[in-house]
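# Inside the fold
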Amino acid sequence: MFMLMMREKFMCVIGVSIFLVYGSLCHEGDASADVSSSTNNQATVILSAAQHCPTDLSSFQPRMEKALQFIQSSTFRDTMRASLHASIPEALAQADGLARQMVFLRQEIARQDQERAHAEQAARDGLMDPSQPLKPCRVGDERAYCYAVDQYLVSTAANLANHAFVEALECYQREGVR
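My aim in this report is to walk through the structure given alongside it, one point at a time. Per chain, the residues get numbers from 1 upward, laid out in the order the sequence is written. pLDDT decides what is reported in this predicted model: residues at 70 or higher carry local features, side-chain atom pairs at 80 or more are listed and counted, and totals for whole chains, interfaces and linings draw on all residues regardless. As a rule here, side-chain values cover all heavy atoms of the structure and leave hydrogens and water aside.

In this description, the term disulfide denotes a pair of cysteine sulfurs within 2.5 Å. The full count for this structure, using the stated rule, is two disulfides. Disulfide partner of C53: C171, at an S-S distance of 2.0 Å. In this structure the cystine formed by C53 and C171 twists about its S-S bond by roughly -85°; its chirality is therefore left-handed. Within this pair, whereas C53 is found in the loop between α3 (33-49) and α4 (61-68), its partner C171 is found in helix α8 (residues 144-174), the two being separated by 118 residues in sequence. You'll find C53 and C171 in the same group, each marked buried. In this model C137 forms its disulfide with C146; the gap between the sulfur atoms is 2.0 Å. Because the torsion about its S-S bond is -90°, the bridge between C137 and C146 counts as left-handed. Summarising the burial analysis for this pair, C137 and C146 share the class buried. By sequence order of its bonded cysteines, the chain has the disulfide arrangement 1-4, 2-3. Elements are defined by DSSP. Helices are runs of H or I of four residues or more, strands are runs of E of two residues or more, and each kind is numbered from the N terminus. Remark: exposure states derive from per-residue accessible area (1.4 Å probe, protein chains only) relative to the maximum for the residue type, with buried under 20%, exposed over 50%, and partly exposed in between.

This part takes up the environment of S83. Relative to the elements of secondary structure, S83 occurs in helix α5 (residues 74-85). In this structure, the C-alpha to C-alpha distance between S83 and L57, residues 26 residues apart in sequence, is 7.6 Å.

The biggest cluster of nonpolar side chains holds 41 residues, and the ones touching the most others in it are L57, M64 and Y172. Elements represented by at least two residues in this core include exactly α3, α4, α5, α6 (88-94), α7 (98-125) and α8. Sort the elements by how many residues they give to this core and α8 lands first, with 17 residues. Take the buried Ala, Val, Leu, Ile, Met, Phe, Trp, Tyr and Cys residues and link them wherever side-chain atoms come within 4.5 Å; each set so joined is a nonpolar core.

So, about the packing of α4 against α5. Lines fitted to C-alpha atoms define the axes here, with helix axes fitted over just the stretch in contact, and angles between the N-to-C directions of these axes take values from 0 to 180 degrees. Relative orientation of the contacting elements α4 and α5 amounts to 170°, with a least axis distance of 11 Å. For the element pair α4 / α5, the angle class is roughly antiparallel. Of α5, the residues touching α4 (which contributes Q61, M64, E65 and L68) are F76, R77, M80, R81, L84 and H85. For the contact of α4 with α5, the residue count by class is five nonpolar, two polar and three charged. The cut-offs work like this: below 35 degrees is roughly parallel, past 145 is roughly antiparallel, 65 to 115 is roughly perpendicular, and the gaps in between are oblique. Residue contacts are counted whenever heavy atoms from the two residues lie within 4.5 Å of one another. When residues are sorted by character, Ala, Val, Leu, Ile, Met, Phe, Trp, Tyr, Cys and Pro go into the nonpolar class, Asp, Glu, Lys and Arg into the charged class, and all the rest, Gly among them, into the polar class.

A few words now on the side chain of D150. Here D150 shows up in helix α8. Note on charges: Lys and Arg go in the positive column, Asp and Glu in the negative column, and His and the chain ends are not counted at all. A side-chain nitrogen of Lys or Arg and a carboxyl oxygen of Asp or Glu constitute a salt bridge if their distance falls within 4 Å. Look at D150: it is buried, it has no salt bridge, and the nearest opposite charge is R77 at 7.0 Å. Discounting chain neighbours no more than four positions away, the residues touching D150 are F70, I71 and Q72.

Structure below.
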């Protein structure tokens, strides 16, 4: 049961990665001429903004590697690494509104902050001395403390990417992308 809960939490955490790698989180297909014209104009604005804004999150690679180093799930680590190199302009071109994506990411940041705080408390409850720093477990160690620490680390890494992505989207918004 606990592994199922962890898998569900993992799928929620990778929302930003899914957006970056595959496009919109809220995409609705519409092939009308007005939408096509608007899409072409938006693509031009995105390309122009990309000259002043980050085109991916690869500059966060060193910080992300530090955040990922003790996370047990290789799938999560690989997904987060891929999301750092995904094209922000391409994802924005497929998105259904920059403002909607920013709202989603801010909600996700708040949710991950709650997850992180809960996981930290659960992990500290498993320590003899709760003031001790949290330490990652060895691979294969399946104690409740280890799951809690892993969730704490996953939430930390997810929000590193979420914050970086929001900053990038704010840049695109300042440059006129809607």
